[in-house]
Amino acid sequence: MNFLSYLINGISLGSVYAIIALGYTMVYGIAKMLNFAHGDVIMVGCYIVFMTMSGQGWGAVPAVVLSIIVCTVLGIVIEKIAYKPLRKATPLAVLITAIGVSYFLENAALLIFGADTRSFTNVVTLPALKLAGGALTISGTTIVTFLACVVIMAALMLFIKKTKAGQAMLAVSEDKDAAQLMGVNVNATISLTFAIGSGLAAVAGVLFCSAYPTLTPYTGAMPGIKAFTAAVFGGIGSIPGALIGGILLGVIEILGRAYISSQLSDAIVFAVLIIVLLVKPSGILGKQVHEKV
Amino acid sequence: MKKAVSMFLAAALAVGTFAGCGSSADTGSTGSAASTESGSTDSAADGSVFKIGGIGPTTGAAAIYGSAVMNAAQIAVDEINEAGGINGYQVEFKAEDDQSDAEKSVNAYNSLKDWGMQVLMGTVTTTPCIAVADKTAEDGMFEITPSASSTDVIENDNVFQACFTDPNLGTASAQYIGENKLATKVAVIYDSSDVYSSGIEATFVKEAANQGFEVVAEEAFTADSKTDFSTQLQKAQSEGADLVFLPIYYTEASIILNQANGMGYEPTFFGCDGMDGILDVKNFDTSLAEGLMLLTPFVADADDEKTQAFVSKYKELYGDTPNQFGADAYDAIYAIKAAIEEAGVTPDMSVSDIGTALTEAMTKISVDGLTGDGMTWEATGEVSKAPKAMVIKDGAYTAM
């Protein structure tokens, strides 16, 4: 029974990683850049929900909706100001800029909200599910997080397969220049990708903070790194890969902590990552892309 | 592609490292800078006063500790002077900033020596204190640190501590739990990446062997994974622990209380001085902390007269609530006073003569302070005081 509890905890943590990883993977797949500021957009989303719910007394739904809108706009603004001018620059320059944006957001939050830890109010009011006569408890947050994760993944895949904008994303991801020649508005497509990715960050942030109720300006940093790991693990650029990578990462982390060592859980997670990359460098579901000479 | 991914991973590691640095500094909130210069003394007619120097970080990341120490020390010195000084001599106090840096601390020590310091109350943080302790030993200067809690600090004979050493708090906690029969099965959740936390944990487990309870789970977390404690709590619960010992800071403790509540796990939670502050976590549901016990030398909300007088004076002068560091500094100044009275030294004696006399006198005195009644000192420099056990009742700290 303990094992099942650990497994559920792992899936709960993994689902949050998966939602964040979806954002990473979308942006990477289409814009071919790693948006390290993604984790900090999560933090901004959490502060919006915190301020509106605890400060203004809003309900959970309007607070989350506002948070998604603000994060979406923030994602577009970051893309326009920081990344768009670097579209032709080396990947390294873009990467450094992303790290810069990440620090900018953290320090801006530090300035506005202070370093004090805030205790986050859970936005999920679903009661916990008790199984096997109370021996196994699945919290409402876990259920909502997992469902949200699956629904978001399915919606994203449908969006990309069935809509014109989704097809444009696919085209841009395969060949930016060719897509432009075919009449795809590359800039608008990349902006849309950032908008979707950042909106997802808001959702992920709210669910993360509901499950692990603490909020500081650095809240997004570690989950961001872990989710990035999950995205690479599952095959960066692949949407189902992000889901599988995220959930596997969460489960490995929790089981490692429970059965091997509570001190070494992070080491175990990253060791698994290294092994996967050695055996299958493109990740579990990643496509092997041969560089053209 | 392979190359790109490995490059990105390297960058990810770099970000992770920096993020770690950032979050370790977030425990301190903005502390008001202390007014460090003191000129509030009426020197005796012949110009002879006791000159006490203070060294600690009043700027930088640890400023919240240094500022509290200097402010509280100033309050103690002013009180002593108002009451007629020590043996009829007025006391002068001067503080120097070391930004918690060993090299700057030694510089601060030298500049205080030029000022004419006879006794050192400092330094506030451990690493600089070890460096300065070697200098005071060379000069034979008497030194008492309010808050440097490592045992490395008091290796020299002339150095004393006003605070508990880290190991001491672990032993005291185990003894308190054992003597009061609070539990039979105890789980420990600690931060293995923090010296304070792992130091207490080690001595707690060691002392637990001598007490009537069993440590059924020792679960760690690190600075990088301090948001999810469900696994650690699950283990504690399945091992049947009826008390969970948390030698950690209040930020993580607030999450643990929240998650335990979500799991429906209701053991007694027991913490140390790092737990002081849990009621001030913004938006934290303080009813979750109900019944939480903590062993700490000082709590600003305590209802005894001495604490209340100190806290209200501190608030009036500096507009802030004093923390444990301030209380330790206040007691350190009174310990110096008691030692001077016991030894009968006068300001015209040389620094090393005063030092020798005070070192001898320290083991003979007993001080009733903010952080304990009847504090006495060992020749090793360690303080012996009974930590106060507090319990959170109706959203406030109450003495047990």
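Everything numeric in this text was worked out from a predicted model, so none of it was measured.

A. Spatial organisation of helix α7 (residues 230-238) of chain B. For α7 of chain B, the tally of buried residues reaches eight of nine residues, placing the bulk of the element in the interior. Considered for burial, the residues of α7 of chain B that qualify are S230, T231, Q232, L233, Q234, K235, A236 and Q237 of chain B. Elements that come into contact with the buried residues of α7 of chain B comprise α1 (2-31) and α10 (239-260) of chain A together with β6 (185-191), β7 (214-221), β8 (243-246) and α8 (250-263) of chain B. A positive phi of about 80° marks G240 of chain B, the residue just after α7 of chain B.

B. Summary view of the interface of chain B and chain A. With 41 residues of chain B in contact, the opposing surface of chain A contributes 43 residues. Where the side of chain B that touches chain A is concerned, the elements lending two or more residues are α1 (2-24), β7, α7 and α8 of chain B. With eleven residues, the single largest contributor to the side of chain B that touches chain A is α1 of chain B.

C. Inspection of the packing of helix α3 (residues 102-115) of chain B against helix α4 (residues 126-139) of chain B at higher detail. All names here are of chain B. At a minimum axis distance of 8 Å, the contact between α3 and α4 shows a crossing angle of 40°. Our classification of the angle between α3 and α4 gives oblique. When you trace α3 past α4, the crossing you get is right-handed. Packed against α3, whose contacting residues are A102, S105, V106 and Y109, the element α4 presents T127, P128, A131, V132 and K135 at the interface.

D. Expanded view of unusual backbone geometry. Residues G122 of chain B and T123 of chain B are joined by a peptide bond in cis, for which omega reads -10°. Residue placement: T123 of chain B occurs in the loop between β3 (119-122) and α4. At K32 of chain A, a position not held by glycine, the phi torsion is positive, near 55°. Its location among the elements puts K32 of chain A in the loop between α1 and α2 (38-55). The class of K32 of chain A is partly exposed, set by 15 C-beta atoms lying within 10 Å. With a phi close to 50°, D394 of chain B is a non-glycine residue in the positive phi region. With respect to the helices and strands, the residue D394 of chain B is situated in the loop between β14 (388-393) and β15 (396-399). For D394 of chain B, a count of 8 C-beta atoms within 10 Å corresponds to the exposed category.

How each quantity is defined
The numbering scheme is per chain: residues are counted from 1 as the chain's sequence reads. The naming scheme follows written order: chains are lettered A onward, ligands numbered 1 onward. With the structure being a predicted model, the display of local features is reserved for residues of pLDDT at least 70 and the display and counting of side-chain atom pairs for 80 or more, all residues being used for whole-chain, interface and lining totals. Buried residues are those with 20 or more other C-beta atoms within 10 Å of their own C-beta, exposed residues have 12 or fewer, and partly exposed residues lie in between; C-beta atoms are placed from the backbone. Only DSSP runs of H or I with at least four residues qualify as helices, and only runs of E with at least two residues qualify as strands; both kinds are numbered from the N terminus onward. By definition, residues are in contact whenever their C-beta atoms, placed on the basis of the backbone, come within 7 Å of each other. To define axes, lines are fitted to C-alpha atoms, for helices over the stretch in contact only, and angles between the resulting N-to-C directions are given on a 0 to 180 degree scale. These descriptions rest on fixed angle ranges, namely under 35 degrees for roughly parallel, over 145 for roughly antiparallel, 65 to 115 for roughly perpendicular, and the rest for oblique. Note on convention: near helix rotated counterclockwise from far helix by under a right angle means a left-handed crossing. Clockwise means right-handed.

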